[in-house]
Number of protein chains: 2
Amino acid sequence: MGITERKERQRKEVRDSILTSAWQLVNEEGWQNLSIRKIADAIEYSVPVVYDHFENKEAILSEFNHRGFKLLGDRLKEAKEKHHKANLQLEALAYAYWDFAFENKEYYQLMYGLGMPTCESLSSVPELMAFIGVIHSTIEELLKESGNTTDIWLKVHSFWSTIHGLVSINLMSPPTNHMGMTNNEFNKTILKDFLKGFLKGLE
Amino acid sequence: MGITERKERQRKEVRDSILTSAWQLVNEEGWQNLSIRKIADAIEYSVPVVYDHFENKEAILSEFNHRGFKLLGDRLKEAKEKHHKANLQLEALAYAYWDFAFENKEYYQLMYGLGMPTCESLSSVPELMAFIGVIHSTIEELLKESGNTTDIWLKVHSFWSTIHGLVSINLMSPPTNHMGMTNNEFNKTILKDFLKGFLKGLE
DNA sequence: GTATTTTTCCTAACAGCGTTAGCAAAGGTA
DNA sequence: TACCTTTGCTAACGCTGTTAGGAAAAATAC
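Values in this document were obtained by computation on a predicted structure and should not be read as measured data. (Residues numbered from 1 in each chain as written. Chains lettered and ligands numbered in written order. Predicted model: local features only at pLDDT ≥ 70, side-chain atom pairs only at ≥ 80, totals over all residues. Heavy atoms only, no water.)

1. Remarks on the protein's contact with DNA strand D
The line we're drawing: Being near a molecule or strand, for a residue, comes down to having at least one heavy atom within 4 Å of it. Contacts described as polar in this section are N or O atom pairs within 3.5 Å, which, within protein, must combine one atom able to donate a hydrogen with one able to accept it, while residues neighboring in sequence count only if both atoms come from side chains. Here the nonpolar group is Ala, Val, Leu, Ile, Met, Phe, Trp, Tyr, Cys and Pro; Asp, Glu, Lys and Arg are the charged ones; every other residue, Gly included, is treated as polar.
In the vicinity of DNA strand D there are 19 residues, among which Arg6, Arg37, Tyr51 and Lys57 of chain A together with Ser46 of chain B approach most closely. Each atom of DNA strand D within 4 Å of the protein was assigned to sugar, phosphate or base; sugar and phosphate come to 53%. The backbone of Ile36 of chain A places a nitrogen or oxygen atom 3.1 Å from a phosphate oxygen of DNA strand D. Here a phosphate oxygen of DNA strand D sits 2.8 Å away from a polar atom, N or O, in the side chain of Tyr51 of chain A. Looking at the surface near DNA strand D residue by residue, the classes come out as 9 nonpolar, 3 polar and 7 charged.

What follows is the structure in structure tokens.
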């Protein structure tokens, strides 16, 4: 009775072709322009067939979300295995993470909810410069005080990026408990730790 | 001839009420659920009137984007002015930035293009743990080697957040030139700088 | 081999979206 | 009062996610 097997196989084929077509569309037009109708068109089935395989559009994107984290995990593991000393491994992890993000922008944006339709590029916001300026002048003075000649903008961006990273990851995950703290408290501890190290780097 | 003045005043009133209603809707239902029709409903005008004041929906959200950065800048300035020593100022900046983000989530999400419709909360992605695990084990070993008793997870999150911050800010701004580098090169320099400091913090 | 049931898949619709064309009414001017 | 300009509406276009209901095809039973 290979009929049910064949049916299951065919079902899987359709499901796979949905994902393949969807991913192609995402790479061609960005995930914000993905639509069920376009997918249906690409797989040469009618729209409701898509809903036989995925509960809704979000379920399809969720699939890619998971694949993205899987892929990132694999890349990190590969990078780590190329070295034996832990400090070199950590360095390799950082670069592997970086490369993954830029070589798979669509994945990365999906994974972290980035790049929404109305998000303008930062450089087109004049108010940005005023706010960065406050940070800049503070760091400038600290560097001057200690005679440190490191590039100011490098430190400014480092300061900004780190806090933004902490904030945005915290904004995404609902408060869980870690060491008896909420996420928010935990990340504020990280912020403290970061500040200590950062200030030391300015001496 | 106060007629034109009155008309201009009334025009401004409508424009303001569009922004006020829009912001209220954003706070009630999130910016992803904002629609021109809802705004029109709230201001008790028909839909095309909205388009007499804003070219499109993006222009409305762009307004909030700018307001957000303006507000953040003001908060930072206030925080800074409460202290005189530059190191305390920098610390205050960090906490002010943090507080702004969490007290004005809608602004922050808008400003950085965060929280798109399909972005699931991180904790619901099992693959995440595998990828974090790779980082965890590496840092664990580094701490063990040097006998450092700092909490591992604190360092893991710090590592992750920092790189994510750098990546996501870089993904947003198109490559510009700073010190003869592209954004990407520049931020990779920051990454290097960060790694140096981070490794030192594990010793 | 025909009848029945199940599965597969489509058409058509609903309710919403951003956006715009075109017209009616109101307001201001001569 | 007659004209013109501004204002603001209705109604539509083309798109979106999603679903109800029925037709055709395939598998099963007799």
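2. Observations regarding the packing of helix α8 (residues 152-172) of chain B against helix α9 (residues 183-201) of chain B
Residues and elements named next belong to chain B. Our working rule: Where helices are involved, their axes are fitted lines through C-alpha atoms of the stretch in contact, as for all axes, and angles between N-to-C directions lie from 0 to 180°. The helix and strand labels rest on DSSP assignments: H or I over at least four residues marks a helix, E over at least two residues marks a strand, and numbering proceeds from the N terminus. What sets the label is the angle itself: under 35 degrees gives roughly parallel, over 145 gives roughly antiparallel, 65 to 115 gives roughly perpendicular, and the rest give oblique. Two residues form a contact once any of their heavy atoms are found within 4.5 Å.
Packing of α8 against α9 leaves a shortest axis separation of 10 Å and a crossing angle of 170°. The orientation of α8 relative to α9 falls into the category roughly antiparallel. Residue-level inspection shows Lys155, Ser158, Phe159, Thr162, Ile163, Leu166 and Asn170 of α8 in contact with α9, the latter providing Asn183, Asn184, Asn187, Ile190, Leu191, Phe194, Leu195, Phe198 and Gly201. Within the contact of α8 with α9, the residues separate by chemical class into 8 nonpolar, 7 polar and 1 charged.

3. What about the relation of the copies chain A and chain B?
We apply this condition: Least-squares superposition aligns the copies on the C-alpha atoms of those residues with pLDDT at or above 70 in both.
Least-squares fitting of chain A to chain B yields an RMSD of 0.1 Å, with the transformation described by 0.0 Å of translation along the axis and a rotation of 180°. Within this description, the copies of the chain are treated as partners about a two-fold rotation axis. Rotation axis and chain A: the residue whose C-alpha lies nearest the axis is Gly165 of chain A, separated from it by 1.8 Å. Comparing interface residues between copies, 100% of those in chain A also lie at the interface in chain B; the contact surface is shared.

4. Considering the pattern of salt bridges
Residues and elements named next belong to chain A. Selection criterion: The working definition used for a salt bridge is a side-chain nitrogen of Lys or Arg within 4 Å of a carboxyl oxygen of Asp or Glu. Accessibility here uses a 1.4 Å probe with only protein chains present; expressed as a share of the type maximum, an area under 20% marks a residue as buried, one over 50% as exposed, and anything in between as partly exposed.
Taken as a whole, this structure holds 16 salt bridges over all chains when the rule is applied. Two residues, Arg75 and Glu78, come together in a salt bridge whose shortest N-O distance is 3.8 Å. Within this pair, Arg75 and its partner Glu78 are both found in helix α4 (residues 57-81), separated by 3 residues, close to a single helical turn. Accessibility expressed as a relative area gives 33% for Arg75, which makes it partly exposed. Residue classification places Glu78 among the partly exposed residues on the basis of a relative accessible area of 42%.

5. Thoughts on the packing of aromatic side chains
For clarity, the cut-off: Two aromatic rings from Phe, Tyr or Trp, using only the six-membered ring of Trp, form a pair when their centres are within 6.5 Å; if the ring planes differ by under 30 degrees the pair is stacked, by over 60 it is edge-to-face, and anything between is tilted.
One pass over the full model with this rule turns up 25 aromatic pairs over all chains. Taken together, a centroid distance of 4.8 Å and an interplanar angle of 35° make the contact between Trp23 of chain A and Phe64 of chain A tilted. With Trp23 of chain A in helix α1 (residues 3-29) and Phe64 of chain A in helix α4, this pair connects stretches of sequence that are 41 residues apart. Among the aromatic residues, those joined into a ring-pair cluster are Phe69, Tyr97, Tyr108 and Tyr112 of chain A together with Phe131 and Trp160 of chain B.

6. A short note on the protein's contact with DNA strand C
Of all residues adjacent to DNA strand C, which total 20 residues, the nearest are Ser46 of chain A together with Arg6, Arg37, Tyr51 and Lys57 of chain B. Those atoms of DNA strand C that come within 4 Å of the protein belong to sugar or phosphate at a rate of 58%. Between a base nitrogen of DNA strand C and a side-chain N or O atom of Arg37 of chain A, the distance comes to 3.3 Å. In this structure, a phosphate oxygen belonging to DNA strand C sits 3.0 Å away from a side-chain N or O atom of Ser35 of chain B. Those elements that provide at least two residues to the surface near DNA strand C are α3 (47-53) of chain A together with α1 (3-29), α2 (36-43) and α3 (47-53) of chain B. Class assignment of the residues belonging to the surface near DNA strand C gives a composition of 10 nonpolar, 3 polar and 7 charged.

7. Some points on the interface of chain A and chain B
What counts is decided by this rule: Once two parts are put together, the accessible area they lose, assessed with a 1.4 Å probe and summed over both, is termed the buried area.
Of the residues lining the interface, 93 residues belong to chain A; the matching set on chain B comes to 94 residues. For the pair chain A and chain B, the two sides together bury roughly 8,800 Å², of which 75% comes from carbon and sulfur. Our enumeration of links across chain A and chain B arrives at 4 salt bridges. Asp99 of chain A is the salt-bridge partner of Lys188 of chain B, the closest N and O atoms lying 3.5 Å from each other. Taken together, chain A and chain B are joined by 17 residue pairs in polar contact (both at pLDDT 80 or more). Elements with a minimum of two residues in the side of chain A that touches chain B: α4, α5 (86-103), α6 (105-111), α7 (126-146), α8 (152-172) and α9 (183-201) of chain A. Ranked by the residues each element gives to the side of chain A that touches chain B, the list is headed by α8 of chain A, at 19 residues. By residue class, the composition of the side of chain A that touches chain B is 49 nonpolar, 28 polar and 16 charged.

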